[in-house]
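Understanding the architecture of this molecule
One letter stands for each residue in the lines below.
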Amino acid sequence: LNAFETTQVHSLISASEYFSFLLRYILGFGLVFQMPLVLLLINAGHRLSVRPLLSAGRLVILGSFIAAAILSPTPDAINQSILAVPIIVLYYFSVLLVWWANRRMKVRGSGK
């Protein structure tokens, strides 16, 4: 695209800046979307209680908005919300999976 550049028209972002942003964005969300797997693996080794996970919800919301502020390309609240809401939903989905796994272990344990 640099071939289209003239003296009056300049590109605002370089390819390296764009790929750096894209890599940071994809890696950040890739790590966040491993949350259910990590919680289930921890639960398999050491049984987690759902109540403390639910009571940590405020910290998760705060942390997700902080992470969204770091990952977001713009400082506005709408972009941060677009990034933070899936993190929050994924956390509560992870807690639901832990609850389901604990319930399943309990049923298997009482059925023997």
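Note that the structure is a prediction, hence the values are computed from the model and not measured. (Residues numbered from 1 in each chain as written. Predicted model: local features only at pLDDT ≥ 70, side-chain atom pairs only at ≥ 80, totals over all residues. Heavy atoms only, no water.)

What to know about the overall build of the chain
In terms of regular secondary structure, the chain is built from five helices and zero strands. Mapped from its N terminus to its C terminus, the chain presents α and β elements in the order α-α-α-α-α. A compact globule built from 112 residues would reach a C-alpha radius of gyration of about 13 Å, whereas the chain, at 21 Å, exceeds it by more than 25%. Its C-alpha atoms give the chain principal-axis dimensions of roughly 80 × 25 × 15 Å. Put simply, of all contacts in the chain between residues at least 6 apart along the chain, 73% involve residues at least 24 apart. Carbon together with sulfur atoms contributes 71% to the accessible area of the chain, which is approximately 8500 Å² in total. (Helix = DSSP H or I, 4+ residues; strand = E, 2+ residues; numbered from the N terminus. Rg over C-alpha atoms; globule rule 2.2 N^0.38 Å. Contact = heavy atoms within 4.5 Å. Areas by Shrake-Rupley, 256 points an atom, 1.4 Å probe, with all protein chains shown as cover.)

Observations concerning helix 4 (residues 57–71)
The end-to-end C-alpha distance of helix 4, which contains 15 residues, comes to 21 Å, matching closely the 21 Å that a straight helix rising 1.5 Å per residue would cover. Among the residues of helix 4, G57, V60, S64, A68 and L71 are the ones counted as buried. On an axial view of helix 4, the arc spanned by its buried residues comes to 70°, and they lie on one face. In this structure, helix 4 carries R58, L59, L62 and I70 as exposed residues pointing more than 90 degrees from its buried face. (Expected span 1.5 Å × (residues − 1). Buried < 20%, exposed > 50% of the residue type's maximum accessible area, 1.4 Å probe, protein only. Arc of directions from axis to C-beta.)

Some details on a nonpolar patch on the surface
Taken together, the side chains of L12, I13, Y18 and F19 define a hydrophobic patch exposed on the protein surface, amounting to about 510 Å² of accessible area. Within the secondary structure layout, Y18 lies in helix 1 (residues 15–32). (Patch = residues over 30% accessible without salt bridge, like charges linked within 9 Å, V, L, I, M, F, W, Y side chains within 5 Å. Salt bridge = Lys/Arg side-chain N within 4 Å of Asp/Glu carboxyl O.)

What about the packing of aromatic side chains?
Considering all chains together, one arrives at three aromatic pairs under this definition. Ring geometry for F29 versus F33: centroids 6.1 Å apart, planes at 40°, classification tilted. Accessibility expressed as a relative area gives 16% for F29, which makes it buried. An angle of 75° between the planes, with centres 5.5 Å apart, marks the rings of Y91 and Y92 as edge-to-face. (Phe/Tyr/Trp six-rings, centres within 6.5 Å; stacked < 30°, edge-to-face > 60°.)

Brief notes about the confidence of the model for the chain
Residue-level pLDDT values for the chain average 85, and 93% of them are 70 or greater. The secondary structure element of the chain with the lowest average pLDDT is helix 1, at 83, and the one with the highest is helix 3 (residues 50–55), at 93. (pLDDT = per-residue confidence, 0-100.)

Overview of the side chain of Q80
Looking at where Q80 falls in the secondary structure, it is placed in helix 5 (residues 77–111). Residue class for Q80 comes out buried when judged on its relative accessible area of 17%.

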